[in-house]
Amino acid sequence: MRHQKLYINTIGCQMNVYDSDRIARALEPGGYRQTDTLEEADLVIVNTCAIRAKAEQKAFSFIGRLARMKRQNPKLLIGVGGCVAQQEGEAILSRMPHVDLIFGTHAIPRLPRIVDQAKTRRIRVVDVEQSDEIDEIDLTAGFHSDGQVSRFVTIMQGCDNYCSYCVVPYVRGTEMSRHPDRILSEIETLVRNGVREVTLLGQNVNSYGRKEGLSSFAELLERVNGIEGLRRIRFTTSHPKDLSDDLMGAFGKLAKLCPHIHLPVQSGSDPVLKRMNRKYTRQVYLDRIERLRSIRPDIAVTSDFIVGFPGESREDFEATLTLVETVAFDSIFAFMYSDREIAPASHFKNKVNEDEIKARLQELLAAQETITLRNNRALVGTLQEIMVEGSSTRPGLAESIDAGPQWSGRTPGNKIVNFSPGRDLGSEETLQVGQMVAVRIEKAHAHSLRGELVRKEPSEGCPRGKECHAA
Ligand code: SAM
Ligand code: SF4
């Protein structure tokens with residue numbers, strides 16, 4: 001049987017990256033194999049994001065460009081999945097006549113049947129039905145890590161928080177947690193296949209298992225920490241209102257849990273937080289950060305911000321600037337507020353004009369850049385444990401400290417480090433992806449660090465005490 005070629009364009013967050021994996025897995029038994037070359041595809045799937053208008057426009061502009069391909073090859077199947085598919089449903093078919101199938105965020109397990117219907121019966125299919133239980137797809141049967149040592153693992157889907165600006169509860173449905181045994185067995189298989197770091201994903205991992213009466217998130221972390229061969233655990237995203245003492249305590253207790261928390265605050269102003277329906281105050285947020293730092297002084301803290309939320313005054317925005325200065329985040333993502341029709345804030349009065357939003361965004365990013373650089377500089381001279389993720393290919397590295405091979409990886413706090421083998425270890429030095437090494441930080445940039453290898457642990461498969469040379 002000739003394999004059919006599947007091309008997936010993933011737009012949006014880590015959750016979509018994970019879902020694209022599920023899409024590929026679901027279609028594999030039907031003979032679809034993934035390709036990176038759009039032109040040779042028999043089936044193109046666009047996995048969309050609806051969080052901001054820009055992401056949605058990006059999806060429609062890509063789908064629009066596929067019309068020409070379809071004219072040249074009428075047998076080509078085009079599918080649209082993810083959050084925009086869930087939100088717009090059938091309407092996409094009339095807007096984009098060359099699209100064959102629309103499938104929502106809960107329809108991935110049904111995708112083989114949807115594709116088959118579109119292919120054999122030449123009909124256009126729409127499936128945006130939301131289910132009230134998690135449909136598992138076995139991501140691990142025949143899994144190959146393809147040299148990737150770090151993987152995402154979704155532990156829950158949906159969200160019950162209804163922040164007033166956000167589409168997620170509407171397009172991904174209510175919150176549902178996967179059974180811990182399924183999560184554990186998925187991670188164990190990944191680890192058996194070479195994965196060394198997992199990032200547990202959910203819109204609000206802190207409320208994991210609460211509704212279903214499963215274990216708490218802190219308990220789940222403890223079990224994951226016990227998996228032999230796994231080196232690092234990360235998770236995202238945490239909601240400040242649900243950050244429990246147990247979870248904060250896990251940072252002081254679990255050896256594999258990386259000292260990094262992404263804790264989106266969105267705004268530093270209490271009236272704005274109230275209108276956003278975030279259910280915490282600025283002070284509660286600051287108290288949580290203080291407690292986290294008392295448990296784990298080296299913890300890296302990152303956050304998300306929305307700038308120009310309806311009614312945000314200059315005074316509100318200045319409260320955000322002072323919060324950024326007080327917390328001294330390691331890095332932040334800052335977004336211009338984007339009106340989403342489904343979300344209540346789209347009906348709020350006193351919208352901030354776009355030029356003002358742009359100016360505030362620049363001001364916030366500039367303030368944070370100074371702080372990031374300051375935090376990065378404080379690491380110069382320290383020894384950091386790095387998990388090797390690959391060789392660095394960025395231009396300009398060749399003229400750095402050492403002309404030998406260049407490597408890259410991340411600190412426990414999730415900062416990118418590019419490093420050279422080091423003078424004492426010889427120019428022959430080679431490393432393996434997934435190996436843990438100690439690197440002395442020599443230079444700080446705004447978005448990365450530069451260092452020199454000081455010591456390496458024997459890589460797995462290489463007996464302790466013996467020299468190992470990777471390809
Ligand atoms: N669940 C996470 C949380 O509670 O923060 C994040 C979910 S969302 C996928 C990622 C980020 O997108 C949010 O933290 C927020 O900053 C931003 N975002 C969500 N809706 C937005 C909107 N309408 N306009 C601009 N940014 C938005
Ligand atoms: Fe959206 Fe709020 Fe849920 Fe995050 S917690 S996904 S911002 S509704």
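See above for the structure.
The following refers to the structure shown. (Residues numbered from 1 in each chain as written. Chains lettered and ligands numbered in written order. Predicted model: local features only at pLDDT ≥ 70, side-chain atom pairs only at ≥ 80, totals over all residues. Heavy atoms only, no water.)

Some words on the site of ligand 1
Around ligand 1, the structure places 15 residues, and the nearest of them are Tyr-165, Gln-203, Gln-266, Asp-304 and Ser-338. Within the backbone of Tyr-165, one N or O atom sits 3.0 Å away from a nitrogen atom of ligand 1. In this structure, an oxygen atom belonging to ligand 1 sits 2.7 Å away from a side-chain N or O atom of Asp-304. Within the complex, the protein chains bury 91% of what would otherwise be the 560 Å² of accessible surface of ligand 1. Elements that contribute at least two residues to the shell around ligand 1 include exactly β13 (300-307) and β14 (331-336). Among the residues forming the shell around ligand 1, the class breakdown is 7 nonpolar, 4 polar and 4 charged. (Near = heavy atom within 4 Å. Polar contact = N/O pair within 3.5 Å; in protein donor to acceptor, adjacent residues only side chain to side chain. Areas by Shrake-Rupley, 256 points an atom, 1.4 Å probe, with all protein chains shown as cover. Helix = DSSP H or I, 4+ residues; strand = E, 2+ residues; numbered from the N terminus. Nonpolar A, V, L, I, M, F, W, Y, C, P; charged D, E, K, R; others polar.)

Here we look at the packing of aromatic side chains
Applying the stated criterion across every chain, the model contains 9 aromatic pairs. Note on Tyr-280 and Tyr-285: the rings are 6.3 Å apart at their centroids and 35 degrees apart in plane angle, and the pair reads as tilted. Measuring from centroid to centroid gives 5.7 Å for Phe-305 and Phe-329, while their planes differ by 80 degrees, and the two rings are edge-to-face. You can see Phe-305 sitting in strand β13 and its partner Phe-329 sitting in the loop between α12 (314-327) and β14, a full 24 residues away along the chain. Each member of the pair Phe-305 and Phe-329 is classed as buried. (Phe/Tyr/Trp six-rings, centres within 6.5 Å; stacked < 30°, edge-to-face > 60°. Buried < 20%, exposed > 50% of the residue type's maximum accessible area, 1.4 Å probe, protein only.)

Regarding empty space enclosed by the protein
Overall, the coordinates contain 2 cavities of 30 Å³ or more when judged by the stated rule. Looking at the largest cavity, its volume works out to about 190 Å³. Mapped onto the lining of the largest cavity, the elements with two or more residues apiece are α1 (14-27) and β8 (156-157). Here the lining of the largest cavity is composed, by residue class, of 6 nonpolar, 5 polar and 7 charged. Lining of the second largest cavity is provided by Arg-22, Thr-105, His-106, Pro-109, Ser-131, Glu-133, Ile-134, Asp-135 and Gln-157. Of the residues that constitute the lining of the second largest cavity, the class distribution is 2 nonpolar, 4 polar and 3 charged. (1 Å grid on protein atoms, 1.4 Å probe; cavity = no way out; pocket = protein on both sides within 12 Å on 5 of 7 lines; lining within 4 Å. Points joined across faces, edges and corners; volume = space filled by probe spheres on them.)

Let's talk about the sheet that holds β14
One open sheet holds the 3 strands; their spatial order is β12-β13-β14, and the pairing between them is parallel. Two strands bound the open sheet, and with one partner strand each, they are β12 (260-262) and β14. Taking the axes of each pair of neighbouring strands and ignoring which way they run, one obtains an average angle of 10 degrees across the sheet. Direction of pairing for β12 relative to β13: parallel, over a ladder of 3 bridges. If you follow Ile-261 over to β13, its bridge partner there is Val-301. (Pairing = 2+ DSSP bridges. Axes fitted to C-alpha atoms, helices over the stretch in contact; angles between N-to-C directions.)

Regarding the environment of Leu-286
In this structure, Leu-286 sits in helix α11 (residues 282-295). When residues no more than four places from it in sequence are discounted, the contact partners of Leu-286 are Leu-323, Thr-326 and Val-327. (Contact = heavy atoms within 4.5 Å.)

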